[in-house]
Amino acid sequence: MSIYIIGAKKGLGKFIFEKINSIAINRNNINKIKNSKKNIFIICANNKYKYPDYKNFYNFYSDNILLIEKISKMKHSHIIYMSSIEVYYKNYLSEKSNLSREDYNPYAMSKIIAENIIINNTKNYTILRLGALLGKYSNNLIARIINKKIKKTTLHEKSTFNYILYDDVLLF
């Protein structure tokens, strides 16, 4: 059995790669994946831009959709896909909700498409719809405050946040 971390260069993927015996994969070394029904793919890779500009849209599409399609068609025993709570836009809290293109940004739509690719091409999968992550390689507002990279914000003293720790994802 081989565990492949797709998107192990930074963030959660890098953290998981450092913690478990696995093989780091990115768009430049995808050919390292061996053809085996015992493969486990943990997909952390994505192009995070919610609104990619015109000249970067193909890269966005390639990173968020084509890569998932390619991985899901490879031999494997299980895929674990790191999706996003972005798919729960406004009041759409169910997979049976009708989607309206006006309601979703390109990033959220790409996550919905990727989830559907996995569901339709894979027998054994786990999709984790993660919110904001906090861990060793986080670079969000809270991580920057904790690491003292930001001294002042416009946050209110009663602001609340719900974060998922890298360690909790790893324990799952």
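Since we're looking at a predicted model, the values are computed, not measured.

(A) Region of the structure containing a nonpolar patch on the surface. Among the surface-exposed residues, Phe-57, Tyr-58 and Tyr-61 lie close enough to one another that they form a single nonpolar patch of about 320 Å² accessible area. Mapped onto the secondary structure, Tyr-61 falls in helix 2 (residues 57–72).

(B) Summary view of the nonpolar core. In this structure, Ile-6, Ile-33, Phe-41, Ile-43 and Ile-71 are the most contacted members of the largest nonpolar core, which totals 17 residues. Broken down by secondary-structure element, the contributors of at least two residues to this core are strand 1 (3–6), strand 3 (40–43), helix 2, strand 4 (78–84) and helix 3 (106–121). Among the elements that take part in this core, helix 2 stands out by supplying 4 residues, more than any other. Among residues more than four places away in sequence, those in contact with Ile-33 are Tyr-4, Ile-6, Ile-25, Asn-39, Phe-41, Ile-71 and Met-74. In terms of nonpolar packing, the next biggest core, distinct from the first, is built from 14 residues, Ala-8, Ile-16, Leu-128 and Tyr-166 among them.

The rules behind the values
- Residues numbered from 1 in each chain as written.
- Predicted model: local features only at pLDDT ≥ 70, side-chain atom pairs only at ≥ 80, totals over all residues.
- Heavy atoms only, no water.
- Patch = residues over 30% accessible without salt bridge, like charges linked within 9 Å, V, L, I, M, F, W, Y side chains within 5 Å.
- Areas by Shrake-Rupley, 256 points an atom, 1.4 Å probe, with all protein chains shown as cover.
- Salt bridge = Lys/Arg side-chain N within 4 Å of Asp/Glu carboxyl O.
- Helix = DSSP H or I, 4+ residues; strand = E, 2+ residues; numbered from the N terminus.
- Core = buried A, V, L, I, M, F, W, Y, C linked by side-chain atoms within 4.5 Å.
- Buried < 20%, exposed > 50% of the residue type's maximum accessible area, 1.4 Å probe, protein only.
- Contact = heavy atoms within 4.5 Å.

From the geometry alone we can't say anything about function, so treat these as descriptive.
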